[in-house]
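Inside the fold
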Amino acid sequence: QVQLVESGGGLVQAGDSLRLSCAASGRPFGSYAMGWFRQAPGKEREFVAAITSGGGRSYYADSVKGRFTVSRDNAKNTVYLQMGSLKPEDTAVYYCAADRTGWLISTGRHEYEYWGQGTQVTVSS
């Protein structure tokens, strides 16, 4: 079992930056690939970014590429999502998730076994 807790969400203006954190506890964090997803009201939960267990590879949705950066600190059992040049369309609840196949990058939400409770990000225009 892995427990995930997101933090760092809030209300920001368009063009601002924000860093989300996801703290993990339970089974060895360093064996899991980690993903970030988001869900806006009335929309499906969508993939944002992911990083392999060792942090050597990452992957981004086209909508955030060049603006968001995913990273992890396995010594602190934490994964981060640095978000820059935020847009109103980035408004959503952001979730982190853990995938036991740590060497793979997965973009489908059904590939992830464990989820956090989410943190709200609101970007005003």
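The paragraphs below set out a description of the structure included in this document. (Residues numbered from 1 in each chain as written. Predicted model: local features only at pLDDT ≥ 70, side-chain atom pairs only at ≥ 80, totals over all residues. Heavy atoms only, no water.)

**Structural notes on the nonpolar core**
- By size, the foremost hydrophobic cluster in this structure holds 35 residues, and its most contacted members are Leu4, Met34, Trp36, Leu81, Met83 and Tyr94.
- Every element with two or more residues in this core is listed here: strand S1 (2-7), strand S3 (18-26), strand S4 (33-39), strand S5 (46-51), strand S7 (68-73), strand S8 (78-83), strand S9 (92-99) and strand S11 (119-124). (Core = buried A, V, L, I, M, F, W, Y, C linked by side-chain atoms within 4.5 Å. Buried < 20%, exposed > 50% of the residue type's maximum accessible area, 1.4 Å probe, protein only. Helix = DSSP H or I, 4+ residues; strand = E, 2+ residues; numbered from the N terminus.)

**Regarding the sheet that holds S1**
- Ordered by their spatial adjacency, four strands build an open sheet running S1-S3-S8-S7, and the pairing between neighbours is antiparallel. Each edge of the open sheet is held by one strand with a lone partner, namely S1 and S7. Adjacent strand axes in the sheet meet at a mean angle of 15 degrees when their direction is disregarded. (Pairing = 2+ DSSP bridges. Axes fitted to C-alpha atoms, helices over the stretch in contact; angles between N-to-C directions.)

**So, the state of the cysteines**
- Overall, the coordinates contain one disulfide when judged by the stated rule.
- A sulfur-sulfur separation of 1.9 Å characterises the disulfide bridge that pairs Cys22 with Cys96. For the disulfide bridge between Cys22 and Cys96, the dihedral angle about the S-S bond is near 50 degrees, and by the sign convention the bridge is right-handed. Placement of Cys22 in strand S3 and of Cys96 in strand S9 is noted, with a sequence separation of 74 residues between them.
- Judged by its relative accessible area of 0%, Cys22 is buried. (Disulfide = S-S within 2.5 Å.)

**Section: unusual backbone geometry**
- In this model, Asn77 sits at a positive phi of 55 degrees, which is unusual for a non-glycine residue.
- Considering the arrangement of structural elements, one finds Asn77 in the loop between S7 and S8.
- A positive phi angle is found at Ser85, which is not glycine, with a value near 45 degrees.

**Examining the environment of Lys76**
- Tracing the backbone through its elements, the reader meets Lys76 in the loop between S7 and S8.
- The exposure class assigned to Lys76 is exposed, which follows from its relative accessible area of 58%.

**What about the side chain of Asp90?**
- Checked against the element boundaries, Asp90 lands in the loop between S8 and S9.
- Residue Asp90 is classed as buried on the basis of its relative accessible area, which comes to 0%.
- Separated by 2.8 Å, the side chains of Asp90 and Arg67 make a polar contact.
- With near-sequence residues (within four places) excluded, Asp90 lies in contact with Arg38, Arg67, Phe68, Ser85, Val121 and Val123. (Polar contact = N/O pair within 3.5 Å; in protein donor to acceptor, adjacent residues only side chain to side chain. Contact = heavy atoms within 4.5 Å.)

**Concerning the pairing of S4**
- Burial analysis of S4 places six of its seven residues in the buried class, the great majority of the element.
- Sheet topology note: the S4/S9 ladder contains seven bridges and is antiparallel. Across the sheet, residue Phe37 finds its bridge partner in S9, namely Tyr95.
- Bridge analysis of S4 against S5 gives five bridges, and the strand direction is antiparallel. Along S5, the bridge assignment pairs Arg38 with Glu46.

**Let's talk about the packing of aromatic side chains**
- Under the definition given, this model contains seven aromatic pairs.
- The positively charged end of Arg45 is found above the aromatic ring belonging to Trp115, 5.0 Å away from the centroid.
- Above the face of the Phe29 ring, Arg72 is positioned so that its terminal group lies 4.4 Å from the ring centre. (Phe/Tyr/Trp six-rings, centres within 6.5 Å; stacked < 30°, edge-to-face > 60°. Lys NZ or Arg CZ within 6 Å of the ring centre and 35° of its normal.)

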